[in-house]
Amino acid sequence: MMNRRKFLGLGLAALALAPMTKLNATDFRKEKPDAWKAEKPADAIKALYGDIKPEEKSVEIKAPKLAENGGKIPVVVKSDIEAKSVAIFQDANPRSTVAVWTVPEGGIVDYAITMKMKGSGKITAIVEGKDGKFYSKVLPIEVSKGGCGG
Amino acid sequence: MKVKAKEKDGIVKVKVLAKHQNIGPEEGEKKKKEANFITSVVAKVGDKIVYELSGSGFMSKNPLYKFKYKGKKGDKISVTWTDLKGETKTKEKAVK
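This structure is a prediction, so every number in the text was calculated from the model and none was measured.

1. Here we look at the overall build of chain A
For chain A, the count of helices and strands is three helices and eight strands. Taking the intrachain contacts of chain A between residues at least 6 apart in sequence as the baseline, contacts between residues at least 24 apart amount to 68%.

Written out as structure tokens, the structure is:
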């Protein structure tokens, strides 16, 4: 029969193993819940990365200058920087953060998504480099028909 | 969910088309529908994560995700999304 000491020891061993079985590297929704509630891009960036001063270079955003349908706007973020993470924000919707990527080791930063915007506004992309620096790009776009149930 | 993966010169281009309403909280109120959207998309080749996104309700309905990674033909890429309610869908596809 298993005695108490052995039983406790097993429990500790299981606890020690638990973090290793974690599937994803980073779940930004769980780890940075405030970043998803912020209304302004500046606040969202602060909640996600802290007080950073990104350099405005080396990041490219591709999006239509005039989006006819705000319900499906194709947006591409590209960068040659060796990155740890990439995030997209905008200032037209009730909350600011759209998506955050964890860039895997040796990953290529060339991400395309389709997003919604309630009206015209600015899209901000932040790239967190492996060098510990932050890079950004801001792109204003016009939306003729809002996409948030409007 | 539709997944397409094609290799050229060591770079695999992947397109993922998810079938999801993707309704954010404010939109749900307006449309009198429950808010639910894709919160994460993860793509793996074997055990290796090649793509990882945390999403919001501001992705479009039936969102399209495109990305690239260094890989080769014949590998199997498996893409999984998870939504706010905890539902998940996985699709595996061979790289062409």
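2. Digging into the nonpolar core
General note: in soluble globular proteins, nonpolar side chains tend to be found buried as a group. Counting residues in each nonpolar core, the largest one holds 58 residues, and the members touching the most others are V86 and I88 of chain A together with V41 of chain B. For this core, the element with the highest residue contribution is strand 4 (residues 83-90) of chain A, accounting for five residues. V86 of chain A has contacts with V77, W101, V103, V109, Y111, A125 and V127 of chain A, leaving out every residue within four places of it along the chain.

3. Thoughts on the confidence of the model for chain B
Put simply, chain B has an average pLDDT of 92, and 100% of its residues get 70 or more. As scored by the predictor, the complex reaches a pTM of 0.84 and an ipTM of 0.91.

4. Considerations on the sheet that holds strand 5 (residues 97-102) of chain A
Taken in spatial order, the nine strands line up as 2(A)-8(A)-7(A)-4(A)-5(A)-4(B)-3(B)-6(B)-7(B) in an open sheet, and their pairing is mixed. Edge positions in the sheet fall to strand 2 (66-67) of chain A together with strand 7 (88-94) of chain B, since each of these pairs with one other strand and no more. For strand 4 of chain A and strand 7 (residues 121-129) of chain A, the ladder comprises seven bridges, and the chain directions are antiparallel. In the strand pairing of strand 7 of chain A, V86 of chain A is matched with V127 of chain A.

5. Topic: the interface of chain A and chain B
Facing the 29 residues of chain A at the interface are 27 residues of chain B. Listed by contribution, the elements that provide at least two residues to the side of chain A that touches chain B are helix 2 (28-31), strand 5 and strand 6 (109-115) of chain A. The sheet contact formed by strand 5 of chain A and strand 4 (residues 48-55) of chain B spans three bridges and is antiparallel. If you follow A99 of chain A over to strand 4 of chain B, its bridge partner there is G55 of chain B.

Cut-offs applied
- Residues numbered from 1 in each chain as written.
- Chains lettered and ligands numbered in written order.
- Predicted model: local features only at pLDDT ≥ 70, side-chain atom pairs only at ≥ 80, totals over all residues.
- Helix = DSSP H or I, 4+ residues; strand = E, 2+ residues; numbered from the N terminus.
- Contact = placed C-beta atoms within 7 Å.
- Core = buried A, V, L, I, M, F, W, Y, C linked by C-beta atoms within 7 Å.
- Buried ≥ 20, exposed ≤ 12 C-beta atoms within 10 Å, placed from the backbone.
- pLDDT = per-residue confidence, 0-100.
- Pairing = 2+ DSSP bridges.

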